[in-house]
Amino acid sequence: LRAEHDLDLKFEPASSQLDFELKLARGYYDLAYINPIQFVNFNRQPGYKAIAKRKAQPIRGVIVVNKQGPIKTLAELRGQTLVFPGLLDFPASIAPRESLQRLKVAIKPAYLRTQTEVYQAIVDGQYLAGGGSIESFEGLPPELHTRLRVIWQTPGYTPHAFAAHPRVSFFSIRKLQKALIGITKKPAGKKLLPNIFVENGFEAAGNNDWHDIRLINLKQLNDEAMP
């Protein structure tokens, strides 16, 4: 990026999701790659603007069950307890719970800390089913992956956003946008994309692309999910 597009970027990881979101709220980062709910929240304040999103690859959650268990269809989960990785994991918790609510499949939610813990709990027989993401499921080690089965995928939602703070200049944003869109044109760039679960590269994005996420009433969804 620096050599070809005259952009000098510094990568600074956060110590935790909470640390990351607190820094976003303060407008600490010039640029960030954030999930759909984070983009909607921090687009309002402090005003992060969308630059790009992954191309032709919506974000989807999955419902998984034990391959040797009794559950074969989504309808069989009505009234059952499903486990999710917390309230705010978008693909593995928000997307499945919001989609099930729209389909009027009433379930009782339980929560663990991570998607891996969810998968392990289902394998161990602690829960009949639970939520995950396509990417995390496909990335499981064989000893877990071979013992689980996806019975349902959510509809697709607008994926993660590359976003810029309002203080970033228009010209820098255009350079970064051009670099992201062109990353698939070079073998070295294309080789990096699987590390962030991007299949088709990036396309330009605008703030209104996340309209489907703004329609989710997260407070109501989470209030109804609490025991």
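Residues numbered from 1 in each chain as written. Predicted model: local features only at pLDDT ≥ 70, side-chain atom pairs only at ≥ 80, totals over all residues. Heavy atoms only, no water.

(A) Looking closely at the overall build of the protein. Each helix and strand in the protein was counted, giving 11 helices and 9 strands. In summary, the protein has a C-alpha radius of gyration of 19 Å against a globular reference of 17 Å for 227 residues, a match within 12%. When its C-alpha atoms are laid out on the principal axes, the protein stretches across 55 × 40 × 30 Å. In the protein, once contacts between residues fewer than 6 apart in sequence are set aside, the share between residues at least 24 apart is 75%. Accessible area for the protein stands at about 12400 Å²; split by element, carbon and sulfur atoms hold 55% of it. (Helix = DSSP H or I, 4+ residues; strand = E, 2+ residues; numbered from the N terminus. Rg over C-alpha atoms; globule rule 2.2 N^0.38 Å. Contact = heavy atoms within 4.5 Å. Areas by Shrake-Rupley, 256 points an atom, 1.4 Å probe, with all protein chains shown as cover.)

(B) Quick peek at the pattern of salt bridges. Taken as a whole and judged by the stated rule, the model has 8 salt bridges. A salt bridge links Glu203 to Lys53, with the shortest nitrogen-to-oxygen separation between them at 2.5 Å. Within this pair, whereas Glu203 is found in strand β9 (residues 202-204), its partner Lys53 is found in strand β2 (residues 49-54), the two being separated by 150 residues in sequence. The exposure class of Glu203 is partly exposed, given its relative accessible area of 25%. (Salt bridge = Lys/Arg side-chain N within 4 Å of Asp/Glu carboxyl O. Buried < 20%, exposed > 50% of the residue type's maximum accessible area, 1.4 Å probe, protein only.)

(C) Summary view of the pairing of strand β4 (residues 81-84). Here β4 pairs with strand β5 (residues 108-111) via 4 bridges, running parallel. Across the sheet, Val83 pairs through a bridge with Ala110, a residue of β5. (Pairing = 2+ DSSP bridges.)

(D) Here's a closer look at unusual backbone geometry. Residue Pro46 follows Gln45 across a cis peptide bond; omega there is 15 degrees. As for its placement among the helices and strands, Pro46 is situated in the loop between α3 (36-44) and β2. Despite not being glycine, Ala56 shows a phi value in the positive range, around 50 degrees. Within the secondary structure, Ala56 is located in the loop between β2 and β3 (61-66). Using a relative accessible area of 64% as the deciding quantity, one classes Ala56 as exposed. One non-glycine residue, Phe197, adopts positive backbone phi at about 60 degrees. By the element assignment, Phe197 lies in the loop between α9 (187-192) and β9.

(E) Looking closely at helix α5 (residues 115-123). For α5, every residue scored as buried is listed here: Gln115, Val118, Tyr119, Ala121, Ile122 and Val123. Where α5 ends, the next residue or the one after it, Gly125, has phi of about 85 degrees, a positive value.

(F) Region of the structure containing the sheet that holds strand β1 (residues 31-34). Pairing within the open sheet is antiparallel, and its 4 strands lie in the order β1-β8-β2-β9. The open sheet has two edge strands, β1 and β9, and neither has a second partner. Neighbouring strand axes in the sheet, compared pairwise and without regard to direction, differ in orientation by 30 degrees on average. Of the pairings in the sheet, the one linking β2 to strand β8 (residues 161-164) comprises 4 bridges and is antiparallel in character. Following the sheet pairing, Lys49 is matched in β8 by Ala164. In the packing of α3 onto the sheet, contacts are made with β1, β2 and β8, and the angle to β1 comes to roughly 135 degrees. Against the sheet, helix α8 (residues 170-181) makes contact with β1, β2, β8 and β9, and its axis sits at roughly 5 degrees relative to β2, the strand it touches most. (Axes fitted to C-alpha atoms, helices over the stretch in contact; angles between N-to-C directions.)

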